[in-house]
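These are the residues of each chain, in order.
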Amino acid sequence: MSDTTGYLDMDLLRLTTAGSVDDGKSTLIGRLLYDSKNTFDDQMEAVELSSTKRGDEHINLALLTDGLKAEREQGITIDVAYRYFATPKRKFIVSDTPGHIQYTRNMVTGASTANLAIILVDARHGVIEQTMRHAFIASLLRIQHIVICVNKMDLVDYAEKAYNKVVEDFKQFASRLENVVDVSFIPISALKGDNVVDQSTNMDWYHGSTLLYHLETVYVGNQENHVEARFPVQWVIRPQSDEFHDFRGFAGRVAGGVFKPGDEIIVHPSGFTTKIKKIYSADKNIDKAFSPLSVTITTEDEIDISRGNMISKTNNLPKVNQDIEAMICWFSETSKLANRAKYIIRHTSNEARAVVKEVKYKVNINTLHKVEDDKDFKLNDIGKITLRTSAPLIYDSYRKNRSTGSFILIDPQTNETIAAGMIV
Amino acid sequence: MENYNLSHLKQLESEAIFVLREAAAQFDTPALLFSGGKDSIVMAYLAYKAFYPAKIPFPLVHIDTGHNFPECLTFRDAFAKQYKAKLIIGSVQKSIDDGSVKEETGLNASRNALQTVTLLDTIEEHGFDAAGGGGRRDEEKARAKERFFSHRNDFGEWQPQNQRPELWNIFNGRKQHGEHFRFFPISNWTEMDIWQYIKAENIELPSLYFARERQVIKRSGTYLEVNELVQPREGETVETLVTRFRTMGDATITGAVLSDAADLDAIIDEVAAARETERGNRADDKRSETSMEDRKKEGYF
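Residues numbered from 1 in each chain as written. Chains lettered and ligands numbered in written order. Predicted model: local features only at pLDDT ≥ 70, side-chain atom pairs only at ≥ 80, totals over all residues. Heavy atoms only, no water.

Peer 1: Would you mind showing me how to read the overall build of chain A here?
Peer 2: For chain A, the count of helices and strands is seven helices and 22 strands. Taking all 424 residues of chain A together, 60% fall into the buried category. With an accessible surface of roughly 17700 Å², chain A has 45% of that area assigned to carbon and sulfur atoms. (Helix = DSSP H or I, 4+ residues; strand = E, 2+ residues; numbered from the N terminus. Buried < 20%, exposed > 50% of the residue type's maximum accessible area, 1.4 Å probe, protein only. Areas by Shrake-Rupley, 256 points an atom, 1.4 Å probe, with all protein chains shown as cover.)

Peer 1: When you look at the overall build of chain B in this model, what are you seeing that I'm missing?
Peer 2: Looking only at helices and strands, chain B features nine helices and ten strands. Within chain B, buried positions represent 64% of all 301 residues. Of the roughly 11500 Å² of accessible surface on chain B, a fraction of 48% belongs to carbon and sulfur atoms.

Peer 1: What exactly am I supposed to notice about the pairing of strand β17 (residues 342-347) of chain A here?
Peer 2: A regular strand places its side chains on the two faces of the sheet in alternate fashion. All names here are of chain A. Of all six residues that make up β17, five are buried, and the element is covered over most of its length. Of the pairings in the sheet, the one linking β17 to strand β18 (residues 350-364) comprises six bridges and is antiparallel in character. When the bridges of β18 are listed, K342 appears paired with V355. Here β17 folds back onto β18, and the loop between the two strands holds two residues, one of which, T348, carries a positive phi near 45°. Here four bridges tie β17 to strand β21 (residues 406-410), and the two strands are oriented antiparallel to one another. Bridging across to β21, I345 finds its partner in L409. (Pairing = 2+ DSSP bridges.)

Peer 1: Sorry, what's going on with the packing of helix α6 (residues 191-201) of chain B against helix α7 (residues 264-273) of chain B here?
Peer 2: Relative orientation and spacing of two packed helices are given, respectively, by the angle between their axes and the distance between those axes. Residues and elements named next belong to chain B. Two numbers describe how α6 lies on α7: the axes approach to 10 Å, and their chain directions differ by 165°. Judged by the angle between their axes, α6 and α7 are roughly antiparallel. Of the two possible hands of crossing, α6 and α7 adopt the one that is left-handed. Along the contact surface, α6 presents E191, M192, W195, Q196, I198 and K199, while α7 presents L264, D265, I267, I268, V271 and A272. For the contact of α6 with α7, a count of residues per class yields eight nonpolar, one polar and three charged. (Axes fitted to C-alpha atoms, helices over the stretch in contact; angles between N-to-C directions. Parallel < 35°, antiparallel > 145°, perpendicular 65-115°, else oblique. Left-handed = near helix turned anticlockwise from the far one by under 90°. Contact = heavy atoms within 4.5 Å. Nonpolar A, V, L, I, M, F, W, Y, C, P; charged D, E, K, R; others polar.)

Peer 1: Could you clarify how one ought to interpret helix α1 (residues 8-26) of chain B in this entry?
Peer 2: What sets the pattern is the α-helix's 3.6 residues per turn: residues three or four places apart point alike. Over its 19 residues, α1 of chain B runs 27 Å from end to end, which matches the ideal 27 Å to within 8%, given 1.5 Å per residue. α1 of chain B sits mainly inside the fold: 17 of its 19 residues count as buried. (Expected span 1.5 Å × (residues − 1).)

Peer 1: Mind showing me how you'd approach the pattern of salt bridges here?
Peer 2: Side chains that differ in charge, positive against negative, can pair when their charged atoms come close. Scanning all chains against the criterion turns up 38 salt bridges over all chains. R307 of chain A is the partner of E22 of chain B in a salt bridge, and the nearest nitrogen-oxygen pair spans 3.0 Å. Of this pair, E22 of chain B sits in helix α1 while R307 of chain A is found in the loop between β14 (294-299) and β15 (310-313), placing the two residues in two different chains. The buried category is assigned to E22 of chain B, whose relative accessible area is 2%. (Salt bridge = Lys/Arg side-chain N within 4 Å of Asp/Glu carboxyl O.)

Peer 1: Explain the sheet that holds strand β4 (residues 116-122) of chain A here, please?
Peer 2: Backbone hydrogen bonds are what pair the strands of a sheet, in a parallel or an antiparallel way. Residues and elements named next belong to chain A. On the basis of which strands lie adjacent, the open sheet formed by six strands has the order β2-β3-β1-β4-β5-β6 and mixed pairing. The strands lining the two open edges of the sheet, one partner per strand, are β2 (81-86) and β6 (182-187). When strand polarity is set aside, the average angle formed by the axes of neighbouring strands in this sheet is 25°. With six bridges connecting them, strand β5 (residues 145-151) and β6 associate as parallel partners. Considered in β6, the bridge of I146 is made with V183. Relative to β6, helix α6 (residues 160-174) is tilted by about 165°, and along the sheet it contacts β4, β5 and β6.

Peer 1: Please explain the domain arrangement of chain A as it appears in this structure.
Peer 2: Quoted interface sizes are often the accessible area lost when the parts come together. All names here are of chain A. Domains assigned within chain A are domain 1 (5-223), domain 2 (230-313) and domain 3 (319-423). The gap between the C-alpha centroids of domain 2 and domain 3 is 30 Å. Counting residues at the interface gives twelve residues for domain 2, matched by ten residues for domain 3. A combined buried area of about 840 Å² lies between domain 2 and domain 3, and 58% of that area is made up of carbon and sulfur atoms. Put simply, domain 2 and domain 3 have one salt bridge between them. Between D396 and R230 there is a salt bridge whose closest N-O contact spans 2.8 Å. Here domain 2 and domain 3 share four residue pairs in polar contact (both at pLDDT 80 or more) between them. (Domains from an automatic or database assignment. Buried area = accessible area lost by both parts, 1.4 Å probe. Polar contact = N/O pair within 3.5 Å; in protein donor to acceptor, adjacent residues only side chain to side chain.)

Peer 1: Help me understand the domain arrangement of chain B, please; the structure alone is not making it clear to me.
Peer 2: Residue and element names in this part refer to chain B. Each assigned domain of chain B is listed here: domain 1 (8-195 + 290-298) and domain 2 (205-283). Approximately 2400 Å² of surface area, both sides summed, lies buried where domain 1 meets domain 2, with 61% of it carried by carbon and sulfur atoms. Here domain 1 is connected to domain 2 by one salt bridge. Linking R246 and E191 is a salt bridge whose minimum nitrogen-to-oxygen distance equals 3.0 Å. Between domain 1 and domain 2 we count four residue pairs in polar contact (both at pLDDT 80 or more) in total.

Peer 1: Can you help me understand the packing of α1 of chain B against helix α2 (residues 38-51) of chain B in this one?
Peer 2: All names here are of chain B. α2 packs onto α1 with a crossing angle of 75° between their chain directions and a minimal axis gap of 9 Å. Judged on the interaxial angle alone, α2 and α1 are roughly perpendicular. Mapping the contact onto sequence places E13, A16, I17, L20, R21 and A24 in α1 and M43, L46, A47, K49, A50 and F51 in α2. Considered class by class, the residues forming the contact of α1 with α2 number nine nonpolar, no polar and three charged.

Peer 1: Before we go on, may I ask you to explain the nonpolar core in this structure?
Peer 2: Grouped together as the largest cluster of nonpolar side chains are 75 residues, with contacts concentrated most on I118, L141, I148 and L211 of chain A. Ranked by the residues each element gives to this core, the list is headed by α6 of chain A, at seven residues. Filtering out sequence-adjacent residues up to four positions away, L211 of chain A remains in contact with L28, L32, I118, V147, C149, I186, N195 and V196 of chain A. Formed by 60 residues, the second largest nonpolar core is a distinct cluster that contains F34, A50, L60 and F148 of chain B. (Core = buried A, V, L, I, M, F, W, Y, C linked by side-chain atoms within 4.5 Å.)

Structural data, given as structure tokens:
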């Protein structure tokens, strides 16, 4: 029997990291990978070599997350890189976003798929404007778990006072944030390794868990919505073979709730109703499907269903509307949001045209104040707008469902993704 | 209360199937790149699952370097037949004969870089607007920054600083005429995930992945299997050692590793204990620190 057979049942945690330029984010990720034994000899050799070349005194773990030649040459960092590591309990996917000028855009991107956010705070500087910005984005994107890592404790003599100040200041600020279920605080030194993977011997006053232990044990099962049944249809499967002559299956990924054979369902926007005949996971029939499973559904009656349609249960309906109110984050470096401007909106498996009806306000993400006198959306701006779409969207609020409540806007001229939206 | 937790493999499988279905829906003429290596085998198998009971709606495209392990070709043909998939072969030898590429010369010459030209030619010849690959973000730092849907310009080039942000699971596959996409359904899988999935799903692989006695020579620190393309040079001695391959590439440069892992359980244990990345024995990646990045920008997989 293989030692690793048990690993077949690990679960998965997606996390994102946030911090300002010198908060030690790369060092922390390097430390997590290194101390949890997820680095390889040839990688460490390369890092050692680069460290020596740079004249570093010790092996610079930050180099484990070192970027591309294009980045080094141009002194830029390309938005999001993904890192992977695993322990016997969990597999981790880390979206690593660099802290520079395009930061908001990058963090929004990294946060959109994360269940947990690590926010780094330099113990010497405490909670600063950027910390609040990071926490705001995490709450806006509905990341339910936040871990505040009070880093560089070695530079404040591992003093409890510095840590307590961060805890107090942050709690005061966080009371104004929505969506955040759980905030934890961990005093660490990424450079020296205190409380990252191994318990620190320098901070007797701290009785909580190490960062890795927290990541391994935090409960994330509540991130998916298992109440409102939603199934955006991606693709219609018609085999056109003798064996499956009349087979018509609707393929997609469950976006919420639970579907079972025999359930009464309604197709939006047509309004046709029928019952689920069978649910397939590839060539096997299964007795229930829930998010985020990819399945194929067949129906009792032959009704017209195509890509872009949404299937729900008859007793719990999504909203169907052409007028949408949403929080958006603007991504384009070159174009600004204009009133009456027309864009392409992609939402679940659906695509439509959208016109901006009104810019309600922008958010000053450092103070959380609404700005109503400057409505020019530029790169990194976040705020509330209303849209009218050419065809009805079938949606839930983002607060209820991340899949059916999110969309992107595309510039029809350049095909660039220029905004991310969360339906209010 | 019912249990709605999904194992990491089930989550990765669902995500990959989602990406494959999006590719089928958003592109007009998508194809899957199929090398006969484990990653592309898993990807093609996931495509079978995604569209069952219909056929895989993508042809499998193999870029044939002419430097293959013969077993890979047999395996490729059998796989395509089993899953009733259409197979399209782009030949590097033909590109060389046409004069569109020039064969590398010298001691460690390989056809790895030449594949890019043949790949882009094959994409153009068949009018594919998207090509799916088995690339994984954990393989290499240039891959760590890849999107699920990766936009390529008119020349097939990847522009890392100019990628579209990718949020939630909403993919933007819109493009101008002449541009195309690469898509990577198993982006979030690690080498370990691949092996665990192969084991869980009982997926067949070329026997090159499994240890047995092989005749090898040591060249530039790498064990190469002696075959038609690799013959001992002066000063090199042929040894019989128990080895296996961790990747399938150009047979003239892809090294075998000393290993007695003869079945999946043993391989999973070996991967868990491995101290070197799987590409550590590929000479093409060792050429410089940025060799993968450079090749990707030109249009490599």
